[in-house]
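Residues per chain, in single letters:
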Amino acid sequence: MASLDTGDGGGHKKGPGVKKAKKLSTRVDMTPMVDLGFLLITFFIFTATVTTPKAMDLNMPKDPEKKDEEMLTKQSGALTVMLGKNDKVYYYEGQLKEDASNFQTTTFKGIRDVIIKKKKDVVAAYNPSAPASAKCESEAGKDEKKLRDCKSQDMFVVIKPDPECTYKNAVDILDEMTINQVNRYALVKISDVETQLIKATEKAGGQ
Amino acid sequence: MPSVKIAKKSTDTDMTPFVDIAFLILSFFIMATKIKAPEPIRTTPPHSVSSKDLPVKEAIYIVIDDQNRVFLNIPVENGTDKIKSIISNINTARGLNLTAAQMDNFAKVPMVGAPLSQLGTLLSLSDAQRAKVIQPGIPVTDTLNNELEWWVGAARTAFAGGKLKFMIKGDEKSKFPTFEGVVNALRKNEEYKYFLVTSQEQAPAGTEMYNSQQRGDKVQ
């Protein structure tokens, strides 16, 4: 006869032949769940995009309509950087000499020091009493950052990428301008004299 | 004398906290992951210290791949009517005689990397077939026949009055003349401001930018 086991066992005799209901554990084996959880975690870690692309601004100047509209830069503050193939960088300060004695070769690691040194020189040569400096300083007022920029306002970097250089090189050098806070720079077409000089240097270097 | 009984310990561990943590991390990754639309052309952008986010709307991508091929990619976020207006603009400007069906086909997958002369044949294919075709890229290096110029012009007309942004997404291995060709095409259309797509890196220690970040200057 089916009856509920009241548990008191009052009227029942305990002993052999009396079946006892098996106590089931309320615990669940969580191992498969953990397995699945970590499988999904690994999947999402791998698909997650680690670096989201960022945008870098590039402003190009308008084509000057007349020749005399072209910006004139001070000789002392000009630095011309040329990008060659195999990540080589060539540079000269001021104007290129006839005998090309100031034409130098470096790498992307070295160019930063060149820019830093040039900037230091420009700041050292800063003349606060010159009319241009006075104008800049009065415009800057008390803004410390602007005042610092005034000191290096004569600094101008001309970037001339050779047809052999890569897009990465161009972005790297533009980035170098941001890193070293050079405010005035321009991307300019390379001249024939410069391409020939680069070719000659490459030959001499056995490349 | 009763012997000391060592209590029998269960080898079972309570896994509940473990599961809790696992699912917490899991939910974090699910939330943080952005499902990215598969890119038609794979490019590895160069690194830069720039930290600006990419605009999504009113943006047109000019992609340069590692073989110096140029593609024009108009994200679908721009809206179908804009994309249709671009293709119809270029159709009338260059007299391509594209059919309405071909233009609709373009609006479905708005990515092109072929000279204008091949555009008709390309757009007659189905989407799946089009994905398989190896496109030669839009010609840009020839200064007399810079076809990207027409595309940029068509896009500018379509977005007239809006703030259309041109994004240049170059592969780091692509050569400079291709990039120059792209810039020339934009310049001919009087576009002087572009965004270069890069992946971010930190400013190297000891440089001026690093110092000003430490000082907390505002960086433009």
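Calculation rules
- Residues numbered from 1 in each chain as written.
- Chains lettered and ligands numbered in written order.
- Predicted model: local features only at pLDDT ≥ 70, side-chain atom pairs only at ≥ 80, totals over all residues.
- Helix = DSSP H or I, 4+ residues; strand = E, 2+ residues; numbered from the N terminus.
- Rg over C-alpha atoms; globule rule 2.2 N^0.38 Å.
- Buried ≥ 20, exposed ≤ 12 C-beta atoms within 10 Å, placed from the backbone.
- Contact = placed C-beta atoms within 7 Å.
- Axes fitted to C-alpha atoms, helices over the stretch in contact; angles between N-to-C directions.
- Parallel < 35°, antiparallel > 145°, perpendicular 65-115°, else oblique.
- Left-handed = near helix turned anticlockwise from the far one by under 90°.
- Nonpolar A, V, L, I, M, F, W, Y, C, P; charged D, E, K, R; others polar.
- Pairing = 2+ DSSP bridges.
- pLDDT = per-residue confidence, 0-100.
- Core = buried A, V, L, I, M, F, W, Y, C linked by C-beta atoms within 7 Å.

**Notes on the overall build of chain B**
The number of helices and strands found in chain B is eight helices and seven strands. Relative to its length of 220 residues, chain B is extended, with a C-alpha radius of gyration of 26 Å against a globular reference of 17 Å. Taken along its principal axes, the extent of the C-alpha atoms in chain B is 110 × 50 × 35 Å. Burial statistics for chain B: of 220 residues in total, 34% are counted as buried. Restricting to contacts in chain B with at least 6 residues of sequence separation, those with at least 24 account for 67%.

**Digging into the packing of helix 2 (residues 80–94) of chain B against helix 3 (residues 100–108) of chain B**
Residues and elements named next belong to chain B. Relative to each other, helix 2 and helix 3 sit at 130°, their axes nearing to 9 Å. Between helix 2 and helix 3, the angle falls in the class oblique. In this structure, helix 2 crosses over helix 3, and the sense of that crossing is right-handed. Every residue of helix 3 that contacts helix 2 at Thr80, Ile83, Lys84, Ile87, Ser88 and Asn91 is listed here: Met103, Phe106 and Ala107. Class assignment of the residues belonging to the contact of helix 2 with helix 3 gives a composition of five nonpolar, three polar and one charged.

**Re the interface of chain B and chain A**
Residue-level contacts link 51 residues of chain B with 37 residues of chain A. Elements with a minimum of two residues in the side of chain B that touches chain A: helix 1 (16–32), strand 2 (52–53), strand 6 (165–170), helix 7 (176–188), strand 7 (193–200) and helix 8 (208–215) of chain B. Element by element, the count of residues in the side of chain B that touches chain A is highest for helix 1 of chain B, at nine residues. The class makeup of the residues in the side of chain B that touches chain A is 28 nonpolar, 11 polar and 12 charged. Sheet topology places strand 1 (residues 53–59) of chain A next to strand 7 of chain B; seven bridges connect them, and they run antiparallel.

**Remarks on the confidence of the model for chain B**
Residues with a pLDDT of 70 or more make up 94% of chain B, whose mean pLDDT is 78. Interface confidence for the predicted complex, expressed as ipTM, amounts to 0.73; the pTM equals 0.72.

**Some points on the packing of helix 1 (residues 31–47) of chain A against helix 1 of chain B**
Packing of helix 1 of chain A against helix 1 of chain B leaves a shortest axis separation of 9 Å and a crossing angle of 25°. The angle between helix 1 of chain A and helix 1 of chain B places the two elements in the roughly parallel class. The interaxial crossing formed by helix 1 of chain A with helix 1 of chain B has left-handed handedness. Judged by residue contacts, A:Met33, A:Val34, A:Gly37, A:Phe38, A:Leu40, A:Ile41, A:Phe44 and A:Ile45 of helix 1 of chain A engage B:Phe18, B:Val19, B:Ala22, B:Phe23, B:Ile25, B:Leu26, B:Phe29 and B:Ile30 from helix 1 of chain B.

**What about the environment of B:Lys188?**
Within the secondary structure layout, B:Lys188 lies in helix 7. For B:Lys188 and B:Phe23, which are 165 residues apart along the polypeptide, the C-alpha to C-alpha distance reads 55 Å.

**Looking at unusual backbone geometry**
Positive phi, normally seen in glycine, also occurs at A:Asp87, with a value near 55°. Considering the arrangement of structural elements, one finds A:Asp87 in the loop between strand 2 (78–83) and strand 3 (88–93). Exposure remark for A:Asp87: the 14 C-beta atoms within 10 Å place this residue in the partly exposed category. Although it is not a glycine, B:Asn68 sits at a positive phi angle of roughly 60°. Here B:Asn68 shows up in the loop between strand 3 (59–64) and strand 4 (70–73).

**Some details on the nonpolar core**
Counting residues in each nonpolar core, the largest one holds 64 residues, and the members touching the most others are A:Val81, A:Ala170 and B:Val182. Excluding anything up to four places from it in sequence, A:Val81 contacts A:Val89, A:Tyr91, A:Ile111, A:Val157, A:Ile159, A:Lys160 and A:Ile173.

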